[in-house]
Amino acid sequence: MEKIGIYGGTFNPPHTGHIQGAAYALEKLGLTRLLMVPDYLAPHKEIPAGSATPEQRLSMLRLACKDKPGLEVCDLEMRRQGRSYTYETVVQLREAYRDAELTLLMGTDMFLSFDSWRKPESILQNAALAVMYRGDKGEREAIEAQKAKLEAMGGKIYVLKNPVVAISSSDLRRLIAFGCAGEFLDEAVADFIREHGLYGADANWKNLPMPELEKVVVPLMKEKRVAHILGCCQTAVELARLYGADETDAARAGLLHDITKALDGPLQLTLCRAYGTILDDFSRKNPKTLHALTGSLVAERVFGENEAVVSAIRYHTTGRANMTLLEKIIYVADYVEPNRDFPGVEKLRKAAYENIDQALKLGLESTLALLKEQGREVSPESGEALRYLLEHGV
């Protein structure tokens, strides 16, 4: 009996994680072939503005799967158009391959929410499910519980631990915009993206006016962080006006200060490698703290910001000895912008509008105390910043 896998998704764009994961499943499940099925319109999420068209995603997937044994691109959902529901695809493929064993591949989030899908019973009647996970013990326990539940409904479930590269399409789109996605893209796909100017590849974003800069920056952020960066931008301008700093620089630094925050630790290191940045011991051991450094690199190289803005972004989490006025403003604005809510924020917020050095000192003391309480290593720059303030009578 032929064993056929089904791997659906937006593939926006297709990357090495998709292809390596597909090849791994092909081998581990003993599949005859694996159908890669790009959707026309996903039922569970909106395609981000500025994405590739359905036809472009299909073309890129064909390039990514070319010469990959066992992987076949299926344009069934593209031809059907409209929103693609998995049960429809599975039923159509069952009709096309009546004698084959079908297995539908999915990630952990989709598997755990499978009950909420449209007509899950129909899917289970026509195909086995294979969940590919990469998480901790708690995730595996949740998967096993869901597996038992779906097996009780008559489903056949496979569980595979996925050892291949972990990157989401949203993170990959960010890396493309930052010019450092090469290791995650097939060369032909990368050429296609550049040729068609997709995802900000080779875009000229240097020295954009503020309204245009905001339009570019906001889609590169996680949705939950947008209010913070806009609040930081607003607060930075207010503090710049109060203390006599350049308001335009303050606004741009406030808007860009977390530009790479969405990237996890390993991807922060990826960006540093792509930019040829040599890291100190603290940064290598604490890659999750790197977004200030990588943000400053992106601000300079991608957005063409001046030295004052770049430096303010670079030190907005750690501070440093003898900080410039703009550096102090961005550090403090990040702490006290209107969306911040933590014990002591009102005291710090009051100080921000009365004495910027005192507010900086309070922020540094709060950070160092929290890190000590959590047993985490303190950046040498933060210690130096606080010592400098104390030595100068703040």
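The preceding data block contains the structure.
The present account deals with the structure reproduced in this document.

Here is what the cut-offs are and how they apply
Residues numbered from 1 in each chain as written. Predicted model: local features only at pLDDT ≥ 70, side-chain atom pairs only at ≥ 80, totals over all residues. Heavy atoms only, no water. Pairing = 2+ DSSP bridges. Helix = DSSP H or I, 4+ residues; strand = E, 2+ residues; numbered from the N terminus. Axes fitted to C-alpha atoms, helices over the stretch in contact; angles between N-to-C directions. Contact = heavy atoms within 4.5 Å. 1 Å grid on protein atoms, 1.4 Å probe; cavity = no way out; pocket = protein on both sides within 12 Å on 5 of 7 lines; lining within 4 Å. Points joined across faces, edges and corners; volume = space filled by probe spheres on them. Core = buried A, V, L, I, M, F, W, Y, C linked by side-chain atoms within 4.5 Å. Buried < 20%, exposed > 50% of the residue type's maximum accessible area, 1.4 Å probe, protein only. Salt bridge = Lys/Arg side-chain N within 4 Å of Asp/Glu carboxyl O. Disulfide = S-S within 2.5 Å. Phe/Tyr/Trp six-rings, centres within 6.5 Å; stacked < 30°, edge-to-face > 60°. Lys NZ or Arg CZ within 6 Å of the ring centre and 35° of its normal.

**A word on the sheet that holds strand β1 (residues 3-9)**
Point 1. One open sheet accounts for 6 strands, arranged β3-β2-β1-β4-β5-β6; its pairing is parallel. In this open sheet, the two strands that pair with only one neighbour each are β3 (71-73) and β6 (157-161). Within the sheet, the average angular offset between the axes of one strand and its neighbour, ignoring direction, is 25 degrees.
Point 2. Pairing geometry for strand β5 (residues 128-133) and β6, over 5 bridges, is parallel. Within β6, the residue paired with Ala 130 across the bridge is Tyr 158.

**So, the side chain of Thr 108**
Point 1. Note on placement: Thr 108 falls in helix α5 (residues 108-112).
Point 2. Residues within four places of Thr 108 in sequence aside, it is in contact with Val 131, Met 132, Tyr 133, Glu 139 and Ile 143.

**Some remarks on the layout of surface pockets**
Over the atoms rolls a probe the size of a water molecule, and in doing so it shows where empty space is left.
Point 1. Approximately 1000 Å³ is the volume attributed to the second largest pocket.
Point 2. Forming the boundary of the second largest pocket are 34 residues, of which Lys 261, Lys 288, His 291, Thr 317 and Arg 376 lie nearest the centre.
Point 3. Those elements that provide at least two residues to the lining of the second largest pocket are α11 (223-243), α17 (325-336) and α19 (356-374).
Point 4. Looking at the lining of the second largest pocket, the element that brings in the most residues is α19, giving 5 residues.

**A short note on the environment of Val 91**
Point 1. Note on placement: Val 91 falls in helix α4 (residues 86-96).
Point 2. Linking Val 91 and Ala 127, residues 36 residues apart in sequence, is a C-alpha distance of 9.0 Å.
Point 3. In contact with Val 91, other than residues within four places in its own chain, are Ser 122 and Asn 126.

**Concerning the nonpolar core**
Point 1. Counting 99 residues, the largest nonpolar core has Phe 178, Phe 303 and Val 332 as its most contacted members.
Point 2. If we skip the residues at most four places from it in the chain, Phe 303 touches Trp 205, Lys 206, Asn 207, Leu 213, Val 216, Val 217, Leu 220, Leu 256, Ile 259 and Val 298.
Point 3. Counting residues in each nonpolar core, the second largest holds 25 residues, with Cys 74, Leu 102, Ile 123 and Ala 127 among its members.

**Points about the pattern of salt bridges**
Point 1. By the definition in use, this model includes 26 salt bridges.
Point 2. In this structure, the salt-bridge partner of Lys 215 is Glu 212, at a minimum N-O distance of 3.6 Å. Here Lys 215 pairs with Glu 212, and both are found in helix α10 (residues 210-217), just 3 residues apart, close to one helical turn.
Point 3. The exposed category is assigned to Lys 215, whose relative accessible area is 58%.
Point 4. Owing to a relative accessible area of 37%, Glu 212 belongs among the partly exposed residues under this scheme.
Point 5. A salt bridge links Lys 350 to Glu 354; the shortest N-O distance between them is 2.8 Å. Both residues of the pair, Lys 350 and Glu 354, count as exposed.
Point 6. Ionic contacts of the salt-bridge type, sharing partners, join the residues Glu 2, Arg 33 and Glu 72 into one network.

**Some points on the state of the cysteines**
Point 1. Enumeration according to the criterion identifies 0 disulfides in this entry.
Point 2. The structure places no disulfide on Cys 272, whose sulfur is separated from the nearest cysteine sulfur, that of Cys 180, by 9.3 Å.

**What to know about the environment of Pro 43**
Point 1. Within the secondary structure, Pro 43 is located in the loop between β2 (33-38) and α2 (54-65).
Point 2. Sequence separation between Pro 43 and Gln 56 is 13 residues; the distance between their C-alpha atoms is 19 Å.
Point 3. Not counting the four nearest positions on each side in its chain, Pro 43 is found in contact with Arg 83, Ser 84 and Tyr 85.

**What about unusual backbone geometry?**
Point 1. Backbone torsion omega between Asn 12 and Pro 13 reads 0 degrees, so that peptide bond is classified as cis.
Point 2. By the secondary structure assignment, Pro 13 is in the loop between β1 and α1 (16-28).
Point 3. In this model, Lys 119 sits at a positive phi of 50 degrees, which is unusual for a non-glycine residue.
Point 4. As for its position among the elements, Lys 119 is in the loop between α5 and α6 (120-126).
Point 5. Judged by relative accessible area, Lys 119 falls into the partly exposed class, the value being 46%.
Point 6. Its identity is not glycine, yet Tyr 199 carries a phi of approximately 60 degrees, on the positive side.

**Thoughts on the packing of aromatic side chains**
Point 1. Throughout the structure, instances matching the rule amount to 5 aromatic pairs.
Point 2. Relative to Phe 11, the ring of Tyr 7 lies with its centre 5.6 Å away and its plane at 70 degrees, an arrangement referred to as edge-to-face.
Point 3. On the basis of relative accessible area, Phe 11 is assigned to the buried category, the value being 2%.
Point 4. Ring geometry for Tyr 331 versus Tyr 335: centroids 5.8 Å apart, planes at 45 degrees, classification tilted. Of this pair, Tyr 331 and Tyr 335 both sit in helix α17, 4 residues apart, which is roughly one turn of that helix.
Point 5. Here Tyr 331 falls in the buried class, since its relative accessible area comes to 2%.
Point 6. The ring of Tyr 85 carries Arg 118 above its face, with NZ or CZ at 4.1 Å from the centroid.

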